[in-house]
2 protein chains.
Amino acid sequence: VSCMRNIAITLCFDGRRYHGWQCQQNAMTVQQRLEEAIESLTSERVRLTACSRTDAGVHANMFVCNFRTRCTIPTQKLPFALNAKLDGDISVLQAREANAAFNSRFDCVGKEYVYRILNRTFRDPFLCGRAWHYPYGLDIWAMRRAADFIPGRRDFSAFMAQGSSVKTTVRDVKYIEVKKDGDMVDIYVCADGFLYNMVRIITGTLVWAGRGKIAPEYVGDIISAGKRELAGPTAPPDGLYLNRVFYDKLPEKAEISFCED
Amino acid sequence: VSCMRNIAITLCFDGRRYHGWQCQQNAMTVQQRLEEAIESLTSERVRLTACSRTDAGVHANMFVCNFRTRCTIPTQKLPFALNAKLDGDISVLQAREANAAFNSRFDCVGKEYVYRILNRTFRDPFLCGRAWHYPYGLDIWAMRRAADFIPGRRDFSAFMAQGSSVKTTVRDVKYIEVKKDGDMVDIYVCADGFLYNMVRIITGTLVWAGRGKIAPEYVGDIISAGKRELAGPTAPPDGLYLNRVFYDKLPEKAEISFCED
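Here the structure is a predicted model, which is why all the values come from computation and not from measurement. (Residues numbered from 1 in each chain as written. Chains lettered and ligands numbered in written order. Predicted model: local features only at pLDDT ≥ 70, side-chain atom pairs only at ≥ 80, totals over all residues. Heavy atoms only, no water.)

## Brief notes about the packing of helix 1 (residues 30-42) of chain A against helix 2 (residues 78-85) of chain A
Residues and elements named next belong to chain A.
- Between helix 1 and helix 2, the least distance of the axes is 9 Å, while the angle of their chain directions is 115°. If you check the angle between helix 1 and helix 2, you find them roughly perpendicular. In the crossing of helix 1 with helix 2, the sense of the turn from one axis to the other is right-handed. Side by side, helix 1 and helix 2 meet where Leu-34, Ala-37, Ile-38, Ser-40 and Leu-41 of the first sit next to Leu-78, Ala-81, Leu-82 and Lys-85 of the second.
- Its residues assigned to classes, the contact of helix 1 with helix 2 comprises seven nonpolar, one polar and one charged. (Axes fitted to C-alpha atoms, helices over the stretch in contact; angles between N-to-C directions. Helix = DSSP H or I, 4+ residues; strand = E, 2+ residues; numbered from the N terminus. Parallel < 35°, antiparallel > 145°, perpendicular 65-115°, else oblique. Left-handed = near helix turned anticlockwise from the far one by under 90°. Contact = heavy atoms within 4.5 Å. Nonpolar A, V, L, I, M, F, W, Y, C, P; charged D, E, K, R; others polar.)

Spelled out as structure tokens, the structure:
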């Protein structure tokens, strides 16, 4: 009898060509591509469990998923074998054997997103689909003051797309940081979990503050009122990256050798 | 009678979707897209003159071209109007009125290319088509010692694609610099002009030196012998960027305001 392994995979992807992570009929998704690649290697049907869904056009600098398999391919060879079967806009960085109970969705204890804004007059062809090109002046300090009203464990209904349904709209936002480097304004948001479109609505709201359309303090009122219509617009998917996902139960990252010799 | 203007345009582009700069039958090129955009604005047929040809899949951080027109659109409005007609992987950064005799091809006094190598085990989805993914260890100092044998005014036949024909194979290479930043190895080459595939063959040769396949000093012998077959392989187009083009005769860049208000 062969042994069942629970394999955790870390990958990153450019989401431009994909209709998000999750399998859908008649649309190419990252999950579908990765399941096909695994099936062609293992000759087993697999269903991936994942840290997160992502929307169409959203990217991931780090994404974790897992699956169970009886295949005997050595775990450390899986990234090479999978990358050979995937297109260049998906890259498998690591495969680890997790304990039998590990679940990449339910064991995820936190996530960090980054939303990237290109803030200059003319667009950058190398950031096409990878940042929100916003050509109007932004007051970065007003954005930072507005962001300071967000962290904490509270009801974030105001930052959830209308029509979504969830058990609870309470989330614990650990931090928000608005970084500026040259023409780039990058908004980092870390929480135990996120509501639908939450980072994109937070971004639209902070941009409103940066344009002077709302006072920074008003962000506190928006959250208290819990009304989506008071918050800013939903920023486009282009600038959104799942940046890091956190687990308590995964084995430490194996050291990746810098280069093969 | 309306006045004829000679307009110089500075742009940048991601070359992945294009068969290079120059117009070709049955293939999409950057020149064709830009001429179409100009024609739809000016209602005049135009033919662009350009600083350079580029190969399929090659990129430009800076590219200059010019055309003559009787249209009366204010020069400083042209970048906005053209960008609105072009896809997001081309960005017009500036339009200037040059003197009547200015020719972006013949007045170009120098060019700088950069060749980008991603030197790590696993590929980066955000550099797909934008860098050469080279997963084997490179001795950066061997590459730098090898590069030191290249600058100067000399016959560079050894670094020209076989079958090309030019009046002279003498070029003046001003400098080569091999920079390393994290996983990226970037090779900067500046010269008064370049032979066909010259930067890509230089890159292939420096990578040979970095792998220890040839001694750095041997690069001097390759140039002296003038034999293409002694040099390294032609690196793929993905990593090549026209980075800067130099003119004596163009008006200084106008100050571009950081953001519109």
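## Re the environment of B:Glu229
Residues and elements named next belong to chain B.
- Inspection of the secondary structure assignment puts Glu-229 in the loop between helix 5 (218-225) and strand 10 (240-247).
- C-alpha separation for the pair Glu-229 and Ala-161, spaced 68 residues apart in sequence, amounts to 9.8 Å.
- Within polar-contact distance, the side chain of Glu-229 engages the side chain of Gln-162 at 3.4 Å. (Polar contact = N/O pair within 3.5 Å; in protein donor to acceptor, adjacent residues only side chain to side chain.)

## Here's the deal with the interface of chain B and chain A
- The partner chain A presents 41 residues to the 41 residues of chain B that form the contact.
- With both chains or domains summed, chain B and chain A bury close to 3200 Å², and 58% of this area falls on carbon and sulfur atoms.
- Of all residues in chain B, the largest losses of buried area upon contact with chain A belong to B:Phe122, B:Arg123 and B:Phe126, amounting jointly to 26% of the total for that side.
- Here chain B and chain A share zero salt bridges between them.
- Secondary-structure elements contributing two or more residues to the side of chain B that touches chain A are strand 1 (5-13), strand 3 (59-69), helix 2 (78-85) and strand 4 (90-98) of chain B.
- Sorting elements by how many residues they give to the side of chain B that touches chain A places strand 4 of chain B first, with four residues.
- Along the lines of polarity and charge, the residues of the side of chain B that touches chain A split into 19 nonpolar, nine polar and 13 charged. (Buried area = accessible area lost by both parts, 1.4 Å probe. Salt bridge = Lys/Arg side-chain N within 4 Å of Asp/Glu carboxyl O.)

## Re the relation of the copies chain B and chain A
- Between chain B and chain A, the superposition needs a rotation of 180° and an axial shift of 0.0 Å, giving an RMSD of 0.0 Å. In symmetry terms, the pair is related by a two-fold rotation axis. Judged by C-alpha distance, B:Phe126 is the residue of chain B that lies nearest the rotation axis, at 4.8 Å.
- Of the residues that chain B buries at the interface, 100% are likewise interface residues in chain A, meaning the two copies contact each other through the same surface. (Least-squares fit on C-alpha atoms with pLDDT ≥ 70 in both.)

## Quick look at helix 1 of chain A
Residue and element names in this part refer to chain A.
- Here helix 1 is 13 residues long and its end C-alpha atoms lie 18 Å apart, about the 18 Å a rise of 1.5 Å per residue gives.
- Looking at helix 1, one finds that the buried residues are Val-30, Gln-31, Leu-34, Glu-35, Ala-37, Ile-38 and Thr-42. Buried residues in helix 1, looked at end-on, bunch into an arc of 160°, giving them a common side.
- For helix 1, the N-terminal cap is Thr-29; the gap from its side-chain oxygen to the backbone nitrogen of Gln-32 is 3.2 Å.
- Looking one or two residues beyond helix 1, the residue adopting positive phi is Ser-43, at roughly 60°. (Expected span 1.5 Å × (residues − 1). Buried < 20%, exposed > 50% of the residue type's maximum accessible area, 1.4 Å probe, protein only. Arc of directions from axis to C-beta.)

## Remarks on the packing of helix 3 (residues 140-147) of chain B against helix 4 (residues 198-211) of chain B
Residue and element names in this part refer to chain B.
- The interhelical angle for the contact between helix 3 and helix 4, taken along N-to-C directions, is 135°, at an axis separation of 7 Å. Compared by their axis directions, helix 3 and helix 4 come out oblique. Regarding helix 3 and helix 4, the two cross each other, and that crossing is right-handed. Taking contact as the criterion, the partners of Ala-142, Met-143, Ala-146 and Ala-147 in helix 3 are, on helix 4, Leu-206, Val-207, Ala-209 and Gly-210.
- Tallied by class, the residues present in the contact of helix 3 with helix 4 amount to seven nonpolar, one polar and no charged.

## What to know about the pattern of salt bridges
- Counted under the stated rule, the structure contains 26 salt bridges over all chains.
- Here the salt bridges do not stand alone but share partners, grouping A:Arg17, A:Arg33, A:Asp87 and A:Asp89 into one network.

## A look at unusual backbone geometry
All names here are of chain A.
- Here the phi dihedral of Ser-43 falls at roughly 60°; this positive angle occurs in a residue that is not glycine.
- Mapped onto the fold, Ser-43 is located in the loop between helix 1 and strand 2 (49-50).
- With a relative accessible area of 69%, Ser-43 lands in the exposed category.

## A look at the pairing of strand 3 of chain B
Residues and elements named next belong to chain B.
- Counting buried residues along strand 3, nine of its eleven residues qualify, which places the element largely inside the surrounding structure.
- One ladder, built from eight bridges, connects strand 1 with strand 3; its direction is antiparallel. Within the sheet, the bridge partner assigned to Ile-9 lies in strand 3 and is Cys-65.
- One ladder, built from two bridges, connects strand 2 (residues 49-50) with strand 3; its direction is antiparallel. Following the sheet pairing, Ala-50 is matched in strand 3 by Cys-65.
- Pairing of strand 3 with strand 10, which is carried by two bridges, proceeds in the parallel orientation. Bridge pairing in strand 10 links Ala-60 to Leu-242. (Pairing = 2+ DSSP bridges.)

As far as function goes, none of this settles anything; it's purely spatial.
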